[in-house]
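Reading the structure
Take a look at the letters that make up each chain.
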Amino acid sequence: MTKPLLEIKELRTSFFTDDGIMPSVDGASLTVNEGEVVGLVGESGCGKTVMSLSVIRMIAHPGKIVSGEILFKGENLIEYSEEQMRKIRGSGIGMIFQDPLTSLNPVFNIADLMATPLMLHKKIDRKQAMALAVEMLAKVGIASPEKRIMEYPHQFSGGQRQRISIATALALNPSLLIADEPTTALDVSIQAQILDLLTGLQKELNTSMIFISHNLGVISGISHKVAVMYGGWIVEEAPVKELFTNPCHPYTKALLEAIPTIEGGDRRLKNLPGQPPTVGEVIPGCRFSSRCPDMIKGVCDTSPPADFITGEKHRVRCHLFVN
Ligand SMILES: Nc1ncnc2c1ncn2[C@@H]1O[C@H](COP(=O)(O)OP(=O)(O)O)[C@@H](O)[C@H]1O
Ligand SMILES: [Mg+2]
């Protein structure tokens, strides 16, 4: 589990809008080892999706990868041609999204949606592709897959659609799966089923995974290690148990306190007044300083903190740990 599969190094992806520049991912580094599940957590707007879309080079104008490296199996994807990237997307790195309707084109039936990429990437004929697609649909728990494969995305429930997008991504046997809030749009009862399904398949296929959520509770059961993102930075990273027992960054602590409970419903980030950074805002110090309960005036608001190693495999980007 210690061989790196994906190494994101000092990645910077910005949006150049009429209102100013938004450094959505602002020098973030993250490593995913073979067979490892990395949970990426942070409030809405912190840069999780932009970071994952950067990895598969799907950032559209006015966004641009400004600097950094994205090493996949040791090769820098930033230097890849569009044709090379097409091969990586799908068969190297698969992605599933929050709303499967955006990834499952409504004008095609499931047979076309699944068989076409399989034929292209695996160089197999339609009959073989259909057989593989049916097998994968059965694996993700779609009943009567031979019949249902002829139906269209809108004929399935939200949970079933997410099962189909998981089947579609995993049929190509990618080394890495990026699951971007795959359960956020689903009912709570269905969320647990999809999480179980993903965990089971990840173990069975030994696929590495980046599992993204805004909810630390969702991430805890599925991840080996957790990276906490805030304002385009990775502010803390640690093995999951370590993060829960010994959180260091004030933002991580606030997230832990805000994990929704079954009785209490969704709890707000109660100790955190204010808003995350916005477009055009220039922040000289720590991006979290304006909301941080432990902010040191003249330090945190004036210079950005560096990463600090607080323990084995545990790093935190916070001035409180530097001294
Ligand atoms: N197409 C876009 N144009 C301008 N800004 C964008 C665009 N997409 C994302 N951003 C900005 O980048 C930041 C990070 O967005 P995103 O990665 O989608 O957040 P998350 O997935 O963590 O909720 C947000 O502040 C958002 O406003
Ligand atoms: Mg997102």
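The rules we used
- Residues numbered from 1 in each chain as written.
- Chains lettered and ligands numbered in written order.
- Predicted model: local features only at pLDDT ≥ 70, side-chain atom pairs only at ≥ 80, totals over all residues.
- Axes fitted to C-alpha atoms, helices over the stretch in contact; angles between N-to-C directions.
- Helix = DSSP H or I, 4+ residues; strand = E, 2+ residues; numbered from the N terminus.
- Parallel < 35°, antiparallel > 145°, perpendicular 65-115°, else oblique.
- Left-handed = near helix turned anticlockwise from the far one by under 90°.
- Contact = placed C-beta atoms within 7 Å.
- Nonpolar A, V, L, I, M, F, W, Y, C, P; charged D, E, K, R; others polar.
- Near = placed C-beta within 6 Å.
- Pairing = 2+ DSSP bridges.
- Buried ≥ 20, exposed ≤ 12 C-beta atoms within 10 Å, placed from the backbone.
- Right-handed = clockwise from strand over helix to strand, strands pointing away.
- Expected span 1.5 Å × (residues − 1).

A word on the packing of helix α7 (residues 158–171) against helix α8 (residues 188–205)
Across the interface, α7 lies against α8 with an axial gap of 10 Å and an inter-helix angle of 15 degrees. Taken together, the axis directions place α7 and α8 in an arrangement best described as roughly parallel. Between α7 and α8 the crossing geometry is right-handed. Across the interface between the two elements, G159, Q162, R163, I166 and L170 of α7 pack against I190, Q193, I194, L197, L198, L201 and L205 of α8. Considered class by class, the residues forming the contact of α7 with α8 number 8 nonpolar, 3 polar and 1 charged.

Some remarks on the site of ligand 1
Neighbouring ligand 1 are 14 residues; F15, S24, K48, T49 and V50 lie closest to it. Within the residue set of the shell around ligand 1, elements represented by two or more residues are β1 (4–17), β2 (20–33) and α1 (48–55). At 3 residues, the largest contribution of residues to the shell around ligand 1 is made by α1. Residue composition of the shell around ligand 1, grouped by class: 5 nonpolar, 8 polar and 1 charged.

Describing the sheet that holds strand β4 (residues 63–72)
One open sheet accounts for 4 strands, arranged β2-β1-β4-β5; its pairing is antiparallel. In this open sheet, the two strands that pair with only one neighbour each are β2 and β5 (75–76). Pairing analysis gives 2 bridges linking β4 to β5, with the strands arranged antiparallel. Bridge pairing links L71 to N76 in β5.

Points about the pairing of strand β8 (residues 208–213)
Within β8, 6 of the 6 residues are buried, which leaves it mostly tucked inside the rest of the structure. Going residue by residue along β8, you find S208, I210 and I212 tucked away on one face and M209, F211 and S213 tucked away on the opposite face as well. Here 5 bridges tie strand β3 (residues 37–41) to β8, and the two strands are oriented parallel to one another. Residue pairing in the sheet places G39 in a bridge with F211 of β8. Note: strand β7 (residues 176–180) against β8, 5 bridges, orientation parallel. Bridged to L177 within β8 is M209. In this region the chain leaves β7, passes through α8 and returns to the parallel neighbour β8; the handedness of that crossover is right-handed.

Overview of the packing of helix α4 (residues 110–122) against helix α5 (residues 126–139)
Following both chains from N to C, one finds α4 and α5 inclined at 120 degrees, their axes separated by 9 Å at the closest point. Our classification of the angle between α4 and α5 gives oblique. Crossing geometry of α4 relative to α5 is assigned as right-handed. Along its contact with α4, which presents A111, M114, A115, L118 and M119, the element α5 presents R126, A129, M130, L132 and A133. Residues belonging to the contact of α4 with α5 are distributed by class as follows: 9 nonpolar, no polar and 1 charged.

Structural notes on α7
Compared with an ideal rise of 1.5 Å per residue, which puts 14 residues at 20 Å, α7 spans 20 Å between its outermost C-alpha atoms and is within 8% of the ideal. Directly beyond the C-terminal end of α7, a positive phi value near 55 degrees is found at N173.

Re unusual backbone geometry
In this model, H61 is joined to P62 through a cis peptide bond whose omega is 10 degrees. Note that P62 resides in the loop between α1 and β4. The backbone of E10 shows a phi angle near 50 degrees, a positive value even though the residue is not glycine. Turning to its location among the elements, E10 is positioned in strand β1. Since 12 C-beta atoms lie within 10 Å of it, E10 is described here as exposed. Notably, K313 is not glycine yet its phi reads approximately 60 degrees, a positive angle. Inspection of the secondary structure assignment puts K313 in the loop between β11 (307–311) and β12 (314–317).

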